[in-house]
Amino acid sequence: MKLIKYLEFVTSADLKTCERYLKEKRIKVNGIITVKPNTVVKELKDQVMLDNEVLEYEEYIYLMMNKRSGYVSATEDNFQVTVFEDIKEFKKRPLRIVGRLDKDTEGLLLITDDGDFIHHLTSPKHNVNKTYFVGFEGVYPENVEELFKEGITLDDGYKCLPASIKRIKNSKCEITIQEGKFHQIKRMCAACGMKVTYLKRLSIGDVKLDESLNSGEYRRLTKEELESLKK
Ligand code: URA
């Protein structure tokens, strides 16, 4: 990879800034000050430093975001604001969303540029549990736990895999599903006479939303979180 591309990739700085680093002789490749943007570097072999600090090459980026309501889970949208408006770095990375949330849903959203990871977590073969906090209107049916366990049939005739529902307070409950069908929680609740008024994803597999993240904030997944999701 050309040095200038490498710098953009690992520092997340824009092209002009990376060119300036080179001009100002702040970049070393294998210990030697290098100013030529076209110098070829081997990603996992050569050591590149900025101001004598090693720039770690990360093959992929893995983020957890606390998605805000009102933002769409898409990489681009001509009319609506997307969750990527909240990510100002990693512009050179082809980041994508791992399992969308509706525009009005909040909470845990995973974002990465690792296609295999996306496939692993979203493939119907893997059935990763997703837990949601749900606010609803309407009556909470007495037998709803059994109905969820048996598998709710949606409006289009699809029978969902077994899921669980647990009441927390009067009009609040927690639901865990294994799939990710379109509007699944809203449609499962509707099938039982409940209207979802608030939805927030709390966890995916063993990874819980970091509650210290404010709406729209994100952080990298820890090594442990990543390992548990890759299992
Ligand atoms: N189920 C829904 O209905 N909406 C979401 O955003 C996620 C799950």
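Residues numbered from 1 in each chain as written. Predicted model: local features only at pLDDT ≥ 70, side-chain atom pairs only at ≥ 80, totals over all residues. Heavy atoms only, no water.

## Quick notes on the sheet that holds strand β2 (residues 32-33)
Pairing is antiparallel in the open sheet, where 4 strands are placed in the order β2-β1-β3-β4. Across the chains shown, the open sheet's two edge strands, defined by having one partner strand only, are β2 and β4 (53-54). Two strands pair when backbone bridges link them, and strand β3 (residues 48-50) and β4 are joined in this way by 2 bridges, in the antiparallel orientation. Bridge assignment links M49 to a residue of β4, and that residue is V54. (Pairing = 2+ DSSP bridges. Helix = DSSP H or I, 4+ residues; strand = E, 2+ residues; numbered from the N terminus.)

## A closer look at the domain arrangement of the chain
When cut into domains, the chain gives domain 1 (3-54), domain 2 (62-124 + 206-230) and domain 3 (129-204). Using C-alpha coordinates to define each centre, domain 2 is positioned 22 Å away from domain 3. Contacts between domain 2 and domain 3 engage 18 residues on the former and 10 residues on the latter. Summed over both sides, the interface between domain 2 and domain 3 buries roughly 1100 Å², with carbon and sulfur atoms accounting for 43% of that surface. Three residues, D102, E106 and L108, lead the burial of domain 2 against domain 3; their summed loss comes to 39% of the area buried on that side. Counting across the interface, domain 2 meets domain 3 through 3 salt bridges. Residues D102 and K186 are paired through a salt bridge, measuring 2.7 Å at the closest nitrogen-oxygen approach. Counting across the domain 2 and domain 3 interface gives 11 residue pairs in polar contact (both at pLDDT 80 or more). Of all the secondary-structure elements, those providing two or more residues to the side of domain 2 that touches domain 3 are β7 (106-112) and β12 (207-208). No other element matches the 5 residues that β7 contributes to the side of domain 2 that touches domain 3. Looking at the side of domain 2 that touches domain 3 residue by residue, the class counts come to 8 nonpolar, 3 polar and 7 charged. (Domains from an automatic or database assignment. Contact = heavy atoms within 4.5 Å. Buried area = accessible area lost by both parts, 1.4 Å probe. Salt bridge = Lys/Arg side-chain N within 4 Å of Asp/Glu carboxyl O. Polar contact = N/O pair within 3.5 Å; in protein donor to acceptor, adjacent residues only side chain to side chain. Nonpolar A, V, L, I, M, F, W, Y, C, P; charged D, E, K, R; others polar.)

## What to know about the nonpolar core
Counting residues in each nonpolar core, the largest one holds 34 residues, and the members touching the most others are I111, F148, I175, I185 and M194. Secondary structure elements with two or more residues in this core: β5 (62-67), β7, β8 (130-137), α4 (144-150), β10 (172-177), α5 (184-191) and β11 (195-204). The two domains that each donate at least three residues to this core are domain 2 (62-124 + 206-230) and domain 3 (129-204). Setting aside its immediate chain neighbours within four residues, I111 contacts I61, Y62, L63, M65, F84, I87, L95, R96, I97 and V98. In terms of nonpolar packing, the next biggest core, distinct from the first, is built from 16 residues, L108, I118, L213 and L229 among them. (Core = buried A, V, L, I, M, F, W, Y, C linked by side-chain atoms within 4.5 Å. Buried < 20%, exposed > 50% of the residue type's maximum accessible area, 1.4 Å probe, protein only.)

## A short note on the side chain of D46
Note that D46 resides in the loop between β2 and β3. An unpaired buried charge is present at D46: no salt bridge exists, and K45, the closest side chain of opposite charge, is 5.2 Å distant. A polar side-chain atom of D46 sits 3.0 Å from a polar atom in the side chain of N30. Looking at D46, its side chain comes within polar contact range of the main-chain nitrogen of K42, at 2.7 Å. Those residues within four positions of D46 in sequence are excluded, and the remaining contacts are V29, N30, V40 and V41. (Lys, Arg positive; Asp, Glu negative; His and termini not counted.)

## Observations concerning the site of the ligand
Inspection of the region around the ligand gives L101, D102, T105, Y132, H183, Q184, I185, K186 and L199 as its neighbouring residues. In this structure, an oxygen atom belonging to the ligand sits 2.9 Å away from a side-chain N or O atom of T105. For the ligand, an oxygen atom lies 3.3 Å from a polar atom in the backbone of H183. Protein chains bury 95% of the 240 Å² of accessible surface belonging to the ligand in isolation. Mapping the ligand onto the cavity grids shows that it belongs to the largest pocket. With 3 residues, the top contributor of residues to the shell around the ligand is α5. A class-by-class count of the residues in the shell around the ligand yields 4 nonpolar, 3 polar and 2 charged. Counting contributing residues, the shell around the ligand receives three or more from each of domain 2 (62-124 + 206-230) and domain 3 (129-204). (Near = heavy atom within 4 Å. Areas by Shrake-Rupley, 256 points an atom, 1.4 Å probe, with all protein chains shown as cover. 1 Å grid on protein atoms, 1.4 Å probe; cavity = no way out; pocket = protein on both sides within 12 Å on 5 of 7 lines; lining within 4 Å. Sits in = over half its atoms within 2 Å of the grid points.)

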